[in-house]
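In case you want the letters, here they are:
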Amino acid sequence: MKAGFLNGKLSVKQVITNAETIFHNVRWNNGLVYCPYCGEFHKIYQKKDGSYSYKCGNCNRKFTDRTSTLLHGSKLSTETWLLGVYEVFTDNFISSIRLAIKLHINQKSAWLMLAKIRFGLTQDDYLLDGMIAQDEMYIGGCLSNYHYERKLKLLRENHYILPDERKYSKTAIYALNATLKQPVFGLNDGKQIVLYNTPNPIKKQYLHKVVSKHVTDGITVSDESTLYNDWKEKTGLDLFTNNHSVNQYITKEGYTSNLIENTFSWFKRGFGGNLTHCKYIQLYLNEFVFRYNTRNLSHVERFKKALGGITNLTITYKQIKEYNYLNMFKKVKKNELTLSEIEDILKQGIVREIEQNHKVYTLDSFK
């Protein structure tokens with residue numbers, strides 16, 4: 001790989017020219033190529049033409065750098081995929097139509113690429129501490145902008161008015177508006193954020209799971225919502241409340257929930273033009289959280305971190321459709337079959353012997 005990428009300089013030309021090598025470095029970031037099918041790493045043979053194609057001496061199966069990644073089985077080239085990742089994180093909140101124009105592919109392929117990239121940007125590794133602001137927001141269109149006949153249709157389908165009734169009350173509209181919107185629960189400690197879509201109506205048990213997963217230590221600050229009743233008993237965290245109904249936005253102790261309110265504001269402004277519905281809301285939340293939590297990284301570091309999220313991970317369109325609050329806490333199975341063994345081998349210094357005998361590359365080979 002050219003030194004420009006290693007020195008923190010990256011351009012579209014470099015991504016296109018060195019796409020295969022860049023992806024190889026990120027795919028085998030531990031410096032050791034292993035078989036994604038059986039986990040063998042001693043008998044790995046590379047093609048003599050120098051391409052990134054291999055054969056396993058244990059199971060006799062062939063594989064490439066793209067095997068068992070989001071690029072596996074894709075008809076798009078590695079250059080197109082890496083350029084897509086590059087465009088996503090150099091252009092603020094790019095849409096699939098705009099990405100399709102830039103990459104010269106159709107809109108459906110661009111949408112699926114965006115969905116897979118966002119799917120790989122999981123929030124599992126983010127841990128919050130200190131003063132943590134928490135709140136909920138609701139995503140979705142406002143019924144006041146809907147056509148009269150469409151309002152009637154939605155009210156009838158949700159049983160707020162009778163099938164032959166053509167009048168409705170403001171109470172019915174408010175209730176329907178709350179039913180159709182998608183709730184989002186968020187946490188912000190001033191350094192990192194996490195955002196998750198939630199069931200409608202919101203369940204307390206789900207909020208407890210989110211907090212127990214991402215909060216190690218600290219205190220929480222929220223509004224006066226009844227969702228946070230018995231918070232101390234369920235989560236073990238102290239809770240301070242801002243009473244927004246009387247215009248109280250900071251407690252006597254100096255705690256405020258305005259951090260998460262600002263986060264929600266940025267999210268709505270960023271994705272306001274793209275979120276025409278809430279079907280895949282969690283994918284958009286993943287991208288926004290990644291952008292926020294990596295805001296202090298350099299352009300190249302963010303690109304490499306995002307690219308690392310799509311390696312060692314396979315996903316189908318069916319999984320994307322089912323990616324919601326029901327399976328948010330199920331760990332996605334990654335194809336890292338022998339990571340503990342690989343780490344032990346790296347510590348023992350056996351990589352050099354394997355590198356000489358079987359042409360296994362390390363990051364030092366590209367400096």
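The structure this text deals with has already been given above.
Note that the structure is a prediction, hence the values are computed from the model and not measured.

Peer 1: Before we go on, may I ask you to explain the side chain of D65 in this structure?
Peer 2: If you trace the backbone, D65 turns up in the loop between β3 (62-64) and α4 (78-88). Of the buried charged residues, D65 lacks a salt bridge, with R27 as the closest side chain of opposite charge at 6.2 Å. A polar side-chain atom of D65 sits 2.8 Å from a polar atom in the side chain of W28. Among all residues touching D65, those that are not within four sequence positions of it are F23, H24, R27, W28, Y52 and Y54.

Peer 1: Before we go on, may I ask you to explain the sheet that holds strand β1 (residues 44-46) in this structure?
Peer 2: As a general point, the strands of a sheet are linked pairwise by backbone hydrogen bonds and lie either parallel or antiparallel. Reading across from one edge, β1-β2-β3 is the order of the three strands in this open sheet, with antiparallel pairing throughout. Strand pairing shows two members of the sheet lacking a second neighbour, β1 and β3, which therefore form its edges. With strand direction ignored, the average angle separating the axes of adjacent strands in the sheet is 35°. Inspection of the sheet shows β1 paired to strand β2 (residues 53-56) by three bridges, in the antiparallel sense. When the sheet's bridge partners are listed, I44 is paired in β2 with C56.

Peer 1: Before we go on, may I ask you to explain the pattern of salt bridges in this structure?
Peer 2: Where charged atoms from two side chains of opposite charge approach closely, those side chains can pair. What the rule picks out here adds up to eight salt bridges. For the salt bridge of K213 with D124, the shortest nitrogen-to-oxygen distance reads 2.9 Å. Here D124 lies in the loop between α6 (107-120) and β4 (128-139) and K213 lies in helix α9 (residues 204-214), a separation of 89 residues in the sequence. A salt bridge links D129 to K191; the nearest nitrogen and oxygen atoms lie 3.4 Å apart. On the criterion of sequence distance, the pair formed by D129 in strand β4 and K191 in the loop between β5 (182-188) and β6 (193-197) is long-range, its members being 62 residues apart. Accessibility expressed as a relative area gives 35% for D129, which makes it partly exposed.

Peer 1: Any chance you could explain the state of the cysteines here in plain terms?
Peer 2: Cysteine pairs can be covalently joined through their sulfur atoms, and such a bond is termed a disulfide. Throughout the structure, instances matching the rule amount to zero disulfides. Between C35, a cysteine without a disulfide, and C38, which holds the nearest cysteine sulfur, the sulfur-to-sulfur distance is 3.7 Å. Judged by its relative accessible area of 0%, C35 is buried. Distance from the sulfur of C38, which forms no disulfide, to the nearest cysteine sulfur (C56) is 3.6 Å. The exposure class of C38 is partly exposed, given its relative accessible area of 31%.

Peer 1: I tried to follow the packing of helix α11 (residues 258-271) against helix α12 (residues 281-293) on my own but got confused; where do I start?
Peer 2: Pairs of packed helices are described in terms of their axes, by the angle between the two and the distance that separates them. Close contact between α11 and α12 brings their axes to 11 Å; oriented N to C, the two are set at 110°. On the basis of their axis angle, the class for α11 and α12 is roughly perpendicular. The hand of the α11/α12 crossing is right-handed. Between α11 and α12, the residues in contact are T263, W266, F267 and F271 and I281, Y284, L285, E287 and F288, respectively. Classifying every residue of the contact of α11 with α12 gives seven nonpolar, one polar and one charged.

Peer 1: Would you explain the pairing of β4 in this entry?
Peer 2: Here is the key point about a regular strand: its side chains alternate between the two faces of the sheet. Note that β4 and strand β7 (residues 215-222) share six bridges and pair parallel. Across the sheet, the residue bridging to I132 is T220, located in β7. Examined bridge by bridge, β4 and β5 share seven bridges and lie antiparallel to one another. If you follow Q134 over to β5, its bridge partner there is L187.

Peer 1: Help me understand the packing of α4 against α6, please; the structure alone is not making it clear to me.
Peer 2: Where α4 contacts α6, the axes come no closer than 11 Å and their chain directions differ by 70°. Judged by the angle between their axes, α4 and α6 are roughly perpendicular. At the point where α4 passes α6, the crossing takes the right-handed sense. The residues of α6 that touch α4, namely those facing T80, W81, G84, V85 and V88, are M113, L114, K116 and I117. For the contact of α4 with α6, the residue count by class is six nonpolar, two polar and one charged.

The rules behind the values
Residues numbered from 1 in each chain as written. Predicted model: local features only at pLDDT ≥ 70, side-chain atom pairs only at ≥ 80, totals over all residues. Heavy atoms only, no water. Helix = DSSP H or I, 4+ residues; strand = E, 2+ residues; numbered from the N terminus. Buried < 20%, exposed > 50% of the residue type's maximum accessible area, 1.4 Å probe, protein only. Lys, Arg positive; Asp, Glu negative; His and termini not counted. Salt bridge = Lys/Arg side-chain N within 4 Å of Asp/Glu carboxyl O. Polar contact = N/O pair within 3.5 Å; in protein donor to acceptor, adjacent residues only side chain to side chain. Contact = heavy atoms within 4.5 Å. Pairing = 2+ DSSP bridges. Axes fitted to C-alpha atoms, helices over the stretch in contact; angles between N-to-C directions. Disulfide = S-S within 2.5 Å. Parallel < 35°, antiparallel > 145°, perpendicular 65-115°, else oblique. Left-handed = near helix turned anticlockwise from the far one by under 90°. Nonpolar A, V, L, I, M, F, W, Y, C, P; charged D, E, K, R; others polar.

Take it as geometry only, folks, not as evidence of what the structure does.
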